[in-house]
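Chain and residue survey
So you can see what is in the structure, the chains are spelled out below.
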Amino acid sequence: MTTFLRKRIVSSAIPLVVVVLGVFILARLTGNPVDLYLPLSATAEQRAAFSAEHGFDQPILVQLWDYLGQVVQLDFGESLRTGQPAAEMVLEAFPATLQLAAVTMLIAIVGAVLIGSLAAYRPNSLADRTSSFLSMTAASIPDFWFAIMGVLVFGVSLGILPTSGVTGGPEVWVLPIATLLIRPFGVLVQVVRGSMVAALSAPYVKVARSKGASEQRVVFGHALRNATMPVLTVAGDLTIGLVNGAVVVETIFGWPGIGKLMIDSILQRDFAVLQAAVLLTAVTIFLLNILIDVCYALLDARVRQAVPA
Amino acid sequence: MNPLPGTATAEPEARTGEPALAVEHLSVDLHTASGTVRAVDDVSFSVHKGRTLALLGESGCGKSMTALSIVGLLEPVAEVVGGSVKAGGTDVLTLGRRARRRLAGPVLSIVFQDALAALNPVQPVGRQLGEPFRIHHGLSRREAKEKAIELMRIVGIPEPRARARSYPHQFSGGMRQRLLIAMAVALAPDVLLADEPTTALDVTVQAQIMQLLRDLRAERDMAVVLITHDLAVVAEHADDVVIMYAGNVVETGPVREVFADPRHPYTRGLLDSVPERAEKGKPLPAVGGSPPELSNVPPGCVFQARCPLARERCADERPRLTATGPARAAACHFSEELASV
């Protein structure tokens, strides 16, 4: 297991480095912060002084080298906007995003396992066809459209839900979560159904029945665990998508998470904050991937052994 | 004339009294997209404890379908439309799902052919072998595991205690088949059905598995129904044989008598195509043609299209299974013509 972990960590660390490099360079393509932060009337000397203070006058490779040197010391620089340490701002915003993603995935997985299993138990029944149609629809709806329609109908016309913001009771969660939920939920129902149909028709399920196992035992004891693998893969992918997709939802609903922070930093050419936010997101995805792999290995002995020592 | 080497060694004679399994007039329909077809047509046979009956036939002849109807594991597209299956003192076809589950293991049990697929890949084998005891005897996980280890020892798995924690993919094909058999005989069923238990194995392992089944049959006093297409396996390991063709029984009786003196042209054709019996230097005889589509079974004899004896009567009238000896029968209008003189 430790060998397995070590191998996975090493192989996932490479993309992490690539992401860090990519963001550093791409951010600098968005434009020069000097134009944004200094008034148009600023003199050439003032502009040069500003650039020199923040290191923007250096060649990009030198800037990159300095940046990497700081990152290794866990120094992520300060925000151009507020002067606050970038790390602090990012860590403040991150829990809001994590909460949103965690609650969404929890609802999506539990709901999809129940509905998908039910649909798979009797393929082509009315329940199966209804859930297939609805989940397909859910998976196909664009989230920004759904968010805007949600605000229009429930926030503006009916006035029963807030249009944005985080102040208030549990109702502030409804629209952001519904928006984030709809696609993963639809996709997961389809995946659970598909893998459960396959698992339930496997010979070992027939064997379990030949031992006199009850239907609960057959479905939850034998089939579900085998059906978990593909579900886990897709759920992991969707969770990663959620951390990214938070950008849209947080912007529309004014949710003070890392997605909103990223958008604001880009608009403000606040490189240090942007880089810290992307780095944290990348690390989260990196950890999430390892977590998924560990889950695989725990669920299936064949995976544990597939990795040569 | 001795048809095949080692034909039916000295076995106890058929016992009197209730058979462990009695199948009578069993018919099964398959509901397919292009209509309903009869996959098993009026099949009857019975087997006593301590004896082995072989269901012999080509792929698609209905032998596996017969076995699955007996243990109640037919796919939803298949439906039992007639007949009875008596085991454990009742007609199991009339029982509800719950009552039937109670018989699955202690009374009726089945071994499937592909042991890798038949074992759950994500559970240690010890847990799977202990499951019958958990379900039917209400044992705890720990007690069931002890039972599982005991079973593994009985079927000849080395170091059973350590191996109980292993997963199916960590065993060889022969060992997996042993595990599957162990699971099926866990509760000493009255009747053990074995659906092509050795098809996926090489010949030496095949012989070991068949010997294991034979030992277990004696030790646990089970009736064994062996589903196979392998004539040599039938000759060596079965007492009685039921030969099926296109869902119908064409001949039945003690293996020794049927193989020595077949009374149905299909049986004769099968036996003639065994290499050991053929004349040297001549092409190996084969039963020409292929079985009819189930959707297109002729009104008369099911075998007429491939039969060397077929005449007009065969096209109109389906031959009934009629006695050709004290314990045997064949479904052919002209079975006397085949009788060896």
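Since this is a predicted model, take the numbers as computed values, not measurements.

What counts and what doesn't
Residues numbered from 1 in each chain as written. Chains lettered and ligands numbered in written order. Predicted model: local features only at pLDDT ≥ 70, side-chain atom pairs only at ≥ 80, totals over all residues. Helix = DSSP H or I, 4+ residues; strand = E, 2+ residues; numbered from the N terminus. Buried ≥ 20, exposed ≤ 12 C-beta atoms within 10 Å, placed from the backbone. Contact = placed C-beta atoms within 7 Å. Nonpolar A, V, L, I, M, F, W, Y, C, P; charged D, E, K, R; others polar. Core = buried A, V, L, I, M, F, W, Y, C linked by C-beta atoms within 7 Å. Domains from an automatic or database assignment. Axes fitted to C-alpha atoms, helices over the stretch in contact; angles between N-to-C directions. Parallel < 35°, antiparallel > 145°, perpendicular 65-115°, else oblique. Left-handed = near helix turned anticlockwise from the far one by under 90°. UniProt positions renumbered as here; feature names shortened; annotations may be inferred. Pairing = 2+ DSSP bridges.

**Details of the overall build of chain A**
A tally of helices and strands in chain A yields 13 helices and 0 strands. Listing each helix as α and each strand as β along chain A from the N terminus yields α-α-α-α-α-α-α-α-α-α-α-α-α. If you line up chain A on its principal axes, its C-alpha atoms span 85 × 60 × 30 Å. Within the span of chain A, comprising 309 residues, buried residues form 33% of the whole. Across chain A, the fraction of contacts at a sequence separation of at least 24, relative to all contacts at a separation of at least 6, is 72%.

**Some points on the interface of chain A and chain B**
Across the boundary between the two partners, chain A contributes 18 residues, which contact 22 residues of chain B. Looking at the side of chain A that touches chain B, the elements that each hand over two or more residues are α9 (203-210), α10 (215-253) and α13 (301-306) of chain A. Among the elements that line the side of chain A that touches chain B, the one with the most residues is α9(A), at 6 residues. A class-by-class count of the residues in the side of chain A that touches chain B yields 7 nonpolar, 5 polar and 6 charged.

**Points about the nonpolar core**
With 160 residues, the main nonpolar core has Leu188(A), Val191(B) and Val225(B) as its most contacted residues. When residues in this core are grouped by element, the largest group, 14 residues, is from helix α5 (residues 86-121) of chain A. A domain-level breakdown of this core finds at least three residues from each of domain 1 (21-245) and domain 2 (263-338) of chain B. Those residues in contact with Val191(B) that lie beyond four places of it in its chain are Ala20(B), Leu21(B), Ala87(B), Val107(B), Leu108(B), Met222(B), Ala223(B) and Val225(B).

**Thoughts on the packing of helix α4 (residues 125-137) of chain B against helix α5 (residues 141-154) of chain B**
Residue and element names in this part refer to chain B. Two elements in contact, α4 and α5, have axes whose closest approach is 8 Å; the angle formed by their N-to-C orientations is 115 degrees. As far as their axial angle goes, α5 and α4 are roughly perpendicular. For α4 against α5, the interelement crossing comes out right-handed. Along its contact with α4, which presents Gly126, Leu129, Gly130, Phe133 and Arg134, the element α5 presents Ala144, Lys145, Lys147, Ala148, Ile149, Leu151 and Met152. Broken down by class, the residue content of the contact of α4 with α5 amounts to 7 nonpolar, 2 polar and 3 charged.

**A word on the UniProt feature "domain: ABC transporter" (unreviewed entry) in chain B**
Taking the numbering used here, the UniProt-annotated feature "domain: ABC transporter" (unreviewed entry) corresponds to residues 21-271 of chain B. Secondary structure content for residues 21-271 of chain B is 41% helix and 28% strand, and the end C-alpha separation is 28 Å.

**With respect to the domain arrangement of chain B**
How big an interface is tends to be stated in terms of accessible area lost as the parts join. All names here are of chain B. For chain B, the domain assignment lists domain 1 (21-245) and domain 2 (263-338). The straight-line distance from the C-alpha centre of domain 1 to that of domain 2 is 29 Å. Contacts between the two partners involve 11 residues from domain 1, matched on the other side by 10 residues from domain 2. Listed by contribution, the elements that provide at least two residues to the side of domain 1 that touches domain 2 are β2 (35-47) and β9 (240-245). Residue classes in the side of domain 1 that touches domain 2 are distributed as 6 nonpolar, 3 polar and 2 charged.

**Observations regarding the pairing of strand β10 (residues 248-254) of chain B**
All names here are of chain B. Judged by how many residues are buried, β10 sits mostly within the fold: 7 of 7 residues are covered. Relative to β10, β9 runs antiparallel, the two being bridged by 6 bridges. Its bridge partner being in β10, Ile243 is matched across the sheet by Glu251. Where β10 and strand β12 (residues 328-330) come together, 2 bridges link them in antiparallel fashion.

**Focus on the packing of α9(A) against α10(A)**
Geometry of a packed helix pair, given as the angle between the helix axes and the separation of the axes. All names here are of chain A. Between α9 and α10, the shortest axis-to-axis distance is 10 Å and the interhelical angle comes to 145 degrees. Our pair here, α9 against α10, has a crossing hand that is right-handed. Facing Tyr204, Val205, Ala208 and Arg209 of α9, the residues of α10 in contact are Arg217, Val218, His222 and Ala223. Looking at the contact of α9 with α10 residue by residue, the class counts come to 5 nonpolar, 1 polar and 2 charged.

**What about unusual backbone geometry?**
Residue and element names in this part refer to chain B. For Ala188, which is not glycine, the phi dihedral falls at a positive 45 degrees. Here Ala188 is to be found in the loop between α7 (173-185) and β7 (191-195). The class for Ala188 is partly exposed, based on 15 C-beta atoms found within 10 Å. Even without a glycine there, the phi angle at Asp221 is positive, about 50 degrees. The residue Asp221 is located in the loop between α8 (203-220) and β8 (223-228) in this model. A residue is classified by how many C-beta atoms lie within 10 Å of it, and Asp221, with 12 of them, is exposed.

**A word on the sheet that holds β12(B)**
All names here are of chain B. What the 8 strands build is an open sheet, ordered β6-β7-β8-β3-β9-β10-β12-β11; its pairing is mixed. In this open sheet, the two strands that pair with only one neighbour each are β6 (108-111) and β11 (322-325). Across the sheet, the mean angle separating the axes of adjacent strands is 25 degrees when strand polarity is ignored.

**Thoughts on the UniProt feature "transmembrane region" (unreviewed entry) in chain A**
All names here are of chain A. Here the UniProt feature "transmembrane region" (unreviewed entry) sits at residues 12-31, 98-121, 133-161, 173-192 and 271-299. Along residues 12-31 the backbone is 90% helical and 0% strand, and the end-to-end C-alpha distance reaches 31 Å. Taken end to end, residues 271-299 has its terminal C-alpha atoms 42 Å apart, with 100% of it in helix and 0% in strand.

**Comments concerning the sheet that holds β2(B)**
Within a sheet, neighbouring strands are paired by backbone hydrogen bonds and run either parallel or antiparallel to one another. Residues and elements named next belong to chain B. Spatial strand order, β2-β1-β4-β5: 4 strands in an open sheet with antiparallel pairing. A single partner strand is all that each edge strand has here, and the edge strands are β2 and β5 (90-91). Bridge count between strand β1 (residues 21-32) and strand β4 (residues 78-87): 8 bridges; the pairing is antiparallel. The residue of β4 that forms the bridge with Ser27 is Gly82.

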